[in-house]
Amino acid sequence: MVQTAENNNPVITITNLCKAFGKNRVLDNFSITLDQKENVVVLGRSGSGKSVLIKCIIGLLAPDSGSINVLGEEILTMDHDTLDKMRVRIGFLFQSNALYDSMTVRQNLEFPMRRHWIEISQKEAEDRVKEVLENVGLAHTIDMMPSELSGGMQKRIALARTLILKPDIILYDEPTAGLDPVTGKEISNLIKQVRETYNTSSIIISHDMKCVKATADRIGVLINGQCYAQGSYADLAASNDKNVNQFFE
Amino acid sequence: MEIPKAGKVFLTEAGALSRFTGWFFHEAFRPRYEWREFIRQCFMIGFKSLPLVALTGFIMGLVLTMQLRPTLVDYGVEARIPAMVALSIVREIGPVITALIFAGKIGSGIGAELGSMRVTEQIDAMEVSGTNPYKYLVVTRVAAATVMLPLLVIMSDAISLYGGYLGVNISAITSFDLYITQVFDTLHFSDLLPAFIKTFFFGFAVGLVGCYKGYNSSKGTEGVGRSANSAVVLSSLAVFIIDLLAVQITDILGIN
Ligand SMILES: Nc1ncnc2c1ncn2[C@@H]1O[C@H](COP(=O)(O)OP(=O)(O)OP(=O)(O)O)[C@@H](O)[C@H]1O
Ligand SMILES: [Mg+2]
């Protein structure tokens, strides 16, 4: 059985994670933890392996070595069925939204529920779709196609789709990338609001410092495949280290 | 021995395609089956190709007849036109042309669709939503293409023969009954069966190559375009190669 993490127990513990593509050593002994109801931001330059890191957490990529413990269970040695059950509890917001463009918003939201064999009645499913759409402020788009929505709206629908399974953990891959500052701010606020409404713990990948400042309880800086520095926004902004400082200028 | 670079690329690609095919047979016969998506794909792949296939089939029959006529008149075997047309359409032109049209429409469609799903991470999103994307996307499309192309070819053959009838009628009035009688007198079971069987392989090849190219699309919109394009090229080539093999096999088996 999956055990629920206690208050001070980390919900995710990553230890010495390594992942290389050929000679390109993307992650090199990376370690970080995520506590209950915490928002941890992983900061890093483009191409530093941030997406690779969270894809390892959800089992889309297999790391070469290390360990990823999520809600008390080891992801790397999990069989496929257990991993599928675990994925119900982990929401993933893709960098490119990944909305199914052949389906309406409603079908997009129903897809994870239907495919994970969540046992709820038609009525309940309907209500859940409406509920998450209201929470992201887009109830009127229910019968639209993703292509009819703006980038910011698509991002929110994608967030709604991750929320629909009521996950314990949400992994955000650059939630504000490609959005204007105002929409970016709205998304940042939404992330904070989601934590309050759904009681989630989150790892947020970003290099948008406004979003980082708004959402982060703690920041880990990913440099050369390692967690180079950790601390609160204020701590790191005051750091003298050039590698850390460059993000805050 | 040193293998030249182009040869290496070819061998790597061939290896990857074979693995992809093996994966298809591995996944296709294990539950859970994606019936709903399969039916939907049959509709998308088969039904939506109907108008195009019907139109090209009709033109093919008409034009073939009109082109054949002068030569056959020269040889004084005008009366054999229906027989000639029937044989060439049913045995070769119908299946191959339809398969090529199918490769152009469906092969590129699948390549572009799966390619853009790969690039925009929709395939990853399916995977984390408790879905085996290979089963859901690839197996259903390949199976639908395999089942639908033979049906399209049968329909195209029939329409071509009707086009042929109109072609005959342009210069000499012939009764439809007579035309049809002549057509079916010429056609034997041994003409129909190999032609019918090879269309399954055509459909399978087009579906599989389209999926292979799309599923392994490289990042970026340019990658999607490349997938769609090479899906058409490779699947058209595959149609000809299968056709070549089919004629050899029927030859060896003596059903000619
Ligand atoms: N499937 C893959 N095969 C080979 N190399 C890969 C693969 N995925 C990622 N990489 C490599 O890993 C490195 C990190 O990629 P990643 O996508 O994690 O970057 P990122 O930190 O998310 O950057 P961005 O901010 O641009 O999204 C890159 O050098 C990339 O080329
Ligand atoms: Mg990324």
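The rules we used
Residues numbered from 1 in each chain as written. Chains lettered and ligands numbered in written order. Predicted model: local features only at pLDDT ≥ 70, side-chain atom pairs only at ≥ 80, totals over all residues. Heavy atoms only, no water. Contact = heavy atoms within 4.5 Å. Buried area = accessible area lost by both parts, 1.4 Å probe. Salt bridge = Lys/Arg side-chain N within 4 Å of Asp/Glu carboxyl O. Polar contact = N/O pair within 3.5 Å; in protein donor to acceptor, adjacent residues only side chain to side chain. Helix = DSSP H or I, 4+ residues; strand = E, 2+ residues; numbered from the N terminus. Nonpolar A, V, L, I, M, F, W, Y, C, P; charged D, E, K, R; others polar. Phe/Tyr/Trp six-rings, centres within 6.5 Å; stacked < 30°, edge-to-face > 60°. Buried < 20%, exposed > 50% of the residue type's maximum accessible area, 1.4 Å probe, protein only. Donors = N, O, S within 2.8 Å, 3.2 Å for Na, K, Ca; no water. Pairing = 2+ DSSP bridges. Axes fitted to C-alpha atoms, helices over the stretch in contact; angles between N-to-C directions.

Visitor: Let's hear about the interface of chain A and chain B: which residues, and what values?
Guide: On the chain B side, the residues contacting the 21 residues of chain A number 16 residues. At the boundary of chain A with chain B, total buried surface from both sides reaches about 1,700 Å², with 47% on carbon and sulfur atoms. Looking at the side of chain A facing chain B, the largest losses of area belong to A:Phe94, A:Tyr100 and A:Arg115, adding up to 32% of the total buried there. Counting the contacts that link chain A with chain B gives 3 salt bridges. Across the salt bridge formed by A:Arg115 and B:Glu34, the nearest N and O atoms sit 2.6 Å from each other. For the pair chain A and chain B, the number of links is 14 residue pairs in polar contact (both at pLDDT 80 or more). Those elements that provide at least two residues to the side of chain A that touches chain B are α2 (80-88) and α3 (105-115) of chain A. Partitioned by chemical class, the residues of the side of chain A that touches chain B number 10 nonpolar, 4 polar and 7 charged.

Visitor: I'd love a proper account of the packing of aromatic side chains, names of residues and values included.
Guide: Counted by the stated rule, this structure contains 23 aromatic pairs over all chains. On the basis of an interplanar angle of 70° and a centroid distance of 5.2 Å, the ring pair of A:Tyr233 and A:Phe248 is categorised as edge-to-face. Residue A:Tyr233 is found in helix α8 (residues 233-237), and its partner A:Phe248 is found in the segment after α9 (242-245); the two are separated by 15 residues along the sequence. Ring geometry for B:Phe25 and B:Phe29: centres 6.4 Å apart, planes at 15°, overall stacked. Residue classification places B:Phe25 among the partly exposed residues on the basis of a relative accessible area of 43%.

Visitor: Can you tell me about the coordination of the magnesium ion (ligand 2), naming the residues and giving the values?
Guide: All names here are of chain A. Within the first shell, the magnesium ion (ligand 2) binds the protein through Ser51 (OG) and Gln95 (OE1), at distances of 1.9 to 2.4 Å. Linking serine 51 in helix α1 (residues 50-57) with glutamine 95 in the loop between β6 (90-93) and α3, this pair joins segments that are 44 residues apart in sequence. Here glutamine 95 falls in the partly exposed class, since its relative accessible area comes to 33%.

Visitor: So what's going on with the sheet that holds strand β3 (residues 39-44) of chain A? Which residues, and what values?
Guide: All names here are of chain A. Strands sit in the order β6-β7-β8-β3-β9-β10 across an open sheet of 6 strands; the sheet is mixed. Each having just a single partner strand, β6 and β10 (226-231) make up the two edges of the open sheet. The mean angle between the axes of side-by-side strands here comes to 20°, regardless of whether they run parallel or antiparallel. With 4 bridges joining them, β6 and strand β7 (residues 169-173) adopt parallel strand pairing. Opposite leucine 93, over in β7, you have tyrosine 172 as the bridge partner. Against the sheet, helix α5 (residues 151-163) touches β6 and β7, its axis set at about 165° to β6. Of the strands in this sheet, β3, β7 and β8 (201-206) touch helix α6 (residues 181-198), which is tilted by about 170° from β7.

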